[in-house]
Amino acid sequence: MRVAVINGPNLNLLGTREPELYGTETLADIESRLLKVAKELGVELTFSQYNGEGEIVEAVHALRGRADGAIPFVEVHLTNIFAREPERRHSALADAAVAVICGFGSYGYELALRGLVKKLPVAAHV
């Protein structure tokens, strides 16, 4: 099974940007930990990060036929967006997501991967 982990704007600044909200782990730290979970689950991961939303759309289009998880996807937010400023409480993608995880910090990535693997069709597991 192949899963693409696509990170959005400003996640390249994790560890230094507002650590009181987002923690001190870097994106590389999160990816390293997620690779261990992926090995346990028998999943192949690829990682990318984009600061422009158009770049993300292009990256998703490029994954057609190359990833089992990216079109069915889990949206992950490090913070609880519903407990923050009103402009952060809306997602343009949540209604299309398999699930939305928010508020668990970087652990949300592991929860998302484990949950997505359970939700993907059995054919994707071979």
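To be clear, the structure that these remarks concern was listed above.
Residues numbered from 1 in each chain as written. Predicted model: local features only at pLDDT ≥ 70, side-chain atom pairs only at ≥ 80, totals over all residues. Heavy atoms only, no water.

*Asks:* How should the side chain of S91 be read in this particular structure?
*Replies:* Mapped onto the elements of the fold, S91 is located in the loop between β3 (74–77) and β4 (99–102). Within the structure, S91 has its side chain in polar contact with the backbone nitrogen of L93 (distance 3.1 Å). Side-chain polar atoms of S91 contact the backbone nitrogen of A94, separated by 3.0 Å. (Helix = DSSP H or I, 4+ residues; strand = E, 2+ residues; numbered from the N terminus. Polar contact = N/O pair within 3.5 Å; in protein donor to acceptor, adjacent residues only side chain to side chain.)

*Asks:* Just checking my understanding: could you explain the side chain of E75 for this structure?
*Replies:* Topologically, E75 is positioned in strand β3. The buried charged residue E75 lacks any salt bridge, with R88 as its nearest oppositely charged partner at 11 Å. In terms of polar contacts, E75 uses its side chain to reach the backbone amide nitrogen of A94, at 3.3 Å. The residues contacting E75, other than those within four sequence positions of it, are S91, L93, A94, A97, A99, V100 and I101. (Buried < 20%, exposed > 50% of the residue type's maximum accessible area, 1.4 Å probe, protein only. Lys, Arg positive; Asp, Glu negative; His and termini not counted. Salt bridge = Lys/Arg side-chain N within 4 Å of Asp/Glu carboxyl O. Contact = heavy atoms within 4.5 Å.)

*Asks:* What am I meant to see in the nonpolar core here?
*Replies:* The nonpolar side chains of a soluble globular protein tend to be buried with one another. With 22 residues, the main nonpolar core has V3, L14, V43, L45, Y109 and L113 as its most contacted residues. Every residue in contact with Y109, bar those within four places of it in the chain, is listed here: V5, N7, L11, L27, I30, L34, V76 and L78. (Core = buried A, V, L, I, M, F, W, Y, C linked by side-chain atoms within 4.5 Å.)

*Asks:* Got a minute to help me understand helix α2 (residues 27–41) in this structure?
*Replies:* Note: α-helices contain 3.6 residues per turn, so residues at a spacing of three or four share the same orientation. For α2, spanning 15 residues, the distance from its first C-alpha to its last is 21 Å, which sits close to the expected 21 Å at 1.5 Å a residue. Within α2 the residues assigned to the buried category are L27, I30, L34, V37 and A38. For α2, the buried positions fall inside an angular range of 105° around the axis, keeping them on one side. Set apart from the buried face of α2 by more than 90 degrees, the exposed residues are A28, K36, K39 and E40. Immediately beyond the C-terminal end of α2, within one or two residues, lies G42, with a positive phi of roughly 70°. (Expected span 1.5 Å × (residues − 1). Arc of directions from axis to C-beta.)

*Asks:* What exactly am I supposed to notice about unusual backbone geometry here?
*Replies:* The phi dihedral of N10 is positive, around 75°, even though this residue is not glycine. For E18, which is not a glycine, the phi torsion comes out positive at approximately 40°. Tracing the chain through its elements places E18 in the loop between β1 (2–7) and α1 (19–22). Relative accessible area serves as the criterion here: at 30%, E18 is assigned to the partly exposed category.

*Asks:* Just to check I follow, could you spell out the pattern of salt bridges for this structure?
*Replies:* When their charged atoms lie close together, side chains carrying opposite charge are able to pair. Here the structure, examined in full by the defined rule, presents six salt bridges. The partner of E85 in a salt bridge is R84, and the shortest N-O contact between them spans 3.6 Å. Given a relative accessible area of 34%, E85 falls into the partly exposed group. Look at R84 and you get buried, because its relative accessible area is 12%. Put simply, E40, E110 and R114 are held in one network by salt bridges that share partners.

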